[in-house]
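For reference, the chains in residue letters:
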Amino acid sequence: MRCLFLALVALMFTANVAVARDVMPQIDTTRTVYYDPIDYNAVRHNLEAASRKSFLQRAVSALTQPLAQRENLHITSHVGIAYSQEVNLAFTAAVTARYKLGKSVPMLSWASLSGMVSVNGFFRLQLSGTNYFGSGKDKLQYDLGGGSLPIRFWGLGYDAADSNPRTEYTRRDFNSTFRYLHQFTRNLWFGAGVNLRYGKGDKFGVNGEEYLSSGSQRVRSAFTSGISLSGIFDTRDNAHTTTRGFYLSLMGEVRPKVLGNFDKTLWHIVAQADYFQPLWRGGVMAVDLYGDLWSSATPWFYWPSVGGSERMRGYYLGRYTDRKMVTAQVELRQTVYGPIGVCVWGGAGSIFDSHKNFDASKILPNAGVGLRFAVAGQTALRIDYGFGRHSQGLIINVNEAF
């Protein structure tokens, strides 16, 4: 009986051990995981490498850092690239100073020295600025520049541009303007100015001389001086990236023959009317009307031309050239995301030698699309592609066209 009892106890003990083995988790004793202590030096090195600026970032930062920064003086430098049909790929550099002429002057004056050189031989040097005086109601604007541009040439007038084979010449010029303005009301300015201008056509290609003769032009160079009166009405909220307001400008100028080496007295009128209206969130409509009118005796290298980076974009500047030019354009600007925006525009323009010979059938159409990149709310890069009659082209520049 005792043997039977001992056998039963042994059987129960064996069963309990088996059940406990099934319930307990299995431990893998063949693999042991070790954790190294944190290498803080390696972590610090990786963080510094991740935050270190690239060579391009360091170069851009160095070029855009203020050259001088004091209470009443701030000097900066900028470099960049530009592109158009006329100058091809160009490299630009500028130094700009913002300053106050006195502690009592509320407005900041500015001066900018810039240069541009392109791969096709174009170069230009420009000095411009505005000085405010007194309580800020008086200002002196100045703009001096000169350079040389190898440019295509089809002749003078609408018909020549449409039918003549293309040739080339080199355009050389120097232009300096000084204008003093007084603010009579919050938005209205009146003033007077002087202008000195030199122009020359040189190195004509095949048929170039013949094109000038057929346009009754024999002058190759001229120097003239002008005296002007001007008025400006300006309610824009921003002069560079406008979203609301009006800008109206009218300038009348006379260039007496006794103030130059040209044997004729010249007359010149420039008129501009701009309107800006917000449409919806991020959308702005901009309208620009412009006229540039010279008297009949004006030498051909002073004549206005359709095209360029501001009006009638996409036309080759200098193809359609005459004594008088009027243009109109409507542009829709839309912010898409953050600093990125787009635009579309449509417009028209015309050149003619006198008001009597204006021909509506010779109005030139214009349209295009563009991309914008803004910095601090201001357009810092503008890429436009414009279309016109017998012409289309890419433009890379800064600021809005108007």
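Residues numbered from 1 in each chain as written. Predicted model: local features only at pLDDT ≥ 70, side-chain atom pairs only at ≥ 80, totals over all residues. Heavy atoms only, no water.

**Things to note about the layout of surface pockets**
A volume near 350 Å³ is recorded for the second largest pocket. Along the wall of the second largest pocket there are 22 residues; nearest its centre are Thr241, Gly282, Thr335, Thr379 and Glu400. Secondary-structure elements contributing two or more residues to the lining of the second largest pocket are strand 11 (266-280), strand 12 (283-294), strand 13 (324-337), strand 14 (340-352), strand 15 (364-375) and strand 16 (378-388). In terms of residue class, the lining of the second largest pocket is made up of seven nonpolar, twelve polar and three charged. (1 Å grid on protein atoms, 1.4 Å probe; cavity = no way out; pocket = protein on both sides within 12 Å on 5 of 7 lines; lining within 4 Å. Points joined across faces, edges and corners; volume = space filled by probe spheres on them. Helix = DSSP H or I, 4+ residues; strand = E, 2+ residues; numbered from the N terminus. Nonpolar A, V, L, I, M, F, W, Y, C, P; charged D, E, K, R; others polar.)

**Topic: empty space enclosed by the protein**
Scanning the model with the defined rule gives two cavities of 30 Å³ or more in all. As for the largest cavity, its lining consists of Ile151, Arg152, Phe153, Leu156, Tyr169, Arg171, Trp300, Phe301, Ser305, Gly318 and Thr321. Elements supplying a minimum of two residues to the lining of the largest cavity: strand 6 (138-153) and strand 7 (167-183). Tallying contributions element by element places strand 6 first for the lining of the largest cavity, with three residues. Residue classes in the lining of the largest cavity are distributed as six nonpolar, three polar and two charged. Within this model, the second largest cavity holds a volume of roughly 40 Å³. If you tally residues by element for the lining of the second largest cavity, the top one is strand 17 (residues 391-397), at three residues.

**Focus on the environment of Lys137**
Mapped onto the fold, Lys137 is located in the loop between strand 5 (123-133) and strand 6. Judged by its relative accessible area of 43%, Lys137 is partly exposed. If we skip the residues at most four places from it in the chain, Lys137 touches Leu181, His182, Gln183 and Trp189. (Buried < 20%, exposed > 50% of the residue type's maximum accessible area, 1.4 Å probe, protein only. Contact = heavy atoms within 4.5 Å.)

**Looking at the nonpolar core**
Among the nonpolar cores identified, the biggest contains 21 residues, and Phe153, Leu156, Tyr169, Phe204, Leu212 and Trp300 are the most heavily contacted of them. Looking at this core, the elements that each hand over two or more residues are strand 6 and helix 5 (208-214). Broken down by element, this core gets its largest block of residues, three residues, from strand 6. Apart from the residues within four sequence positions on either side, Phe153 is in contact with Pro165, Arg166, Thr167, Glu168, Tyr169, Phe204, Gly208, Tyr211 and Leu212. Residues Tyr158, Val270, Tyr290 and Met325 belong to the second largest nonpolar core, which totals twelve residues. (Core = buried A, V, L, I, M, F, W, Y, C linked by side-chain atoms within 4.5 Å.)

**Overview of the confidence of the model for the protein chain**
In this model, the protein chain carries a mean pLDDT of 87, and residues with pLDDT of at least 70 account for 84%. Long-range and interchain partners of residues 1-30, a stretch whose pLDDT sits below 50, account for one contact in this model, where long-range means more than four residues apart. (pLDDT = per-residue confidence, 0-100.)

**Here we look at the pairing of strand 4 (residues 109-118)**
In terms of strand pairing, strand 3 (residues 88-99) meets strand 4 through ten bridges, oriented antiparallel. Across the sheet, Thr96 pairs through a bridge with Ser112, a residue of strand 4. Pairing between strand 4 and strand 5: eight bridges, direction antiparallel. Pairing of Met116 across the sheet is with Arg124, part of strand 5. The antiparallel pairing of strand 4 with strand 5 creates a hairpin that spans four residues between the two strands, and Gly121 there sits at a positive phi of about 100 degrees. (Pairing = 2+ DSSP bridges.)

**Quick notes on the packing of aromatic side chains**
If you walk through the whole model with that rule in mind, you get 19 aromatic pairs. Ring centres of Phe246 and Tyr275 lie 4.9 Å apart, and the angle between their planes is 35 degrees; this geometry places the pair in the tilted category. You can see Phe246 sitting in strand 10 (residues 245-255) and its partner Tyr275 sitting in strand 11, a full 29 residues away along the chain. By relative accessible area, Phe246 is classed as partly exposed at 39%. Plain terms: the ring middles of Tyr315 and Tyr320 are 6.0 Å apart, the flat faces sit at 85 degrees to each other, and that makes the pair edge-to-face. This pair shows no difference in class: Tyr315 is buried, exactly as Tyr320 is. A connected cluster of aromatic rings, assembled from ring pairs, spans Phe153, Tyr169, Phe204, Tyr211, Trp294, Trp300, Phe301 and Tyr302. Geometry around Trp345 places Arg313 over its ring, the cationic atom sitting 3.8 Å from the centre. Between Arg333 and the ring centre of Phe402, over which it is positioned, the NZ or CZ distance is 4.9 Å. (Phe/Tyr/Trp six-rings, centres within 6.5 Å; stacked < 30°, edge-to-face > 60°. Lys NZ or Arg CZ within 6 Å of the ring centre and 35° of its normal.)

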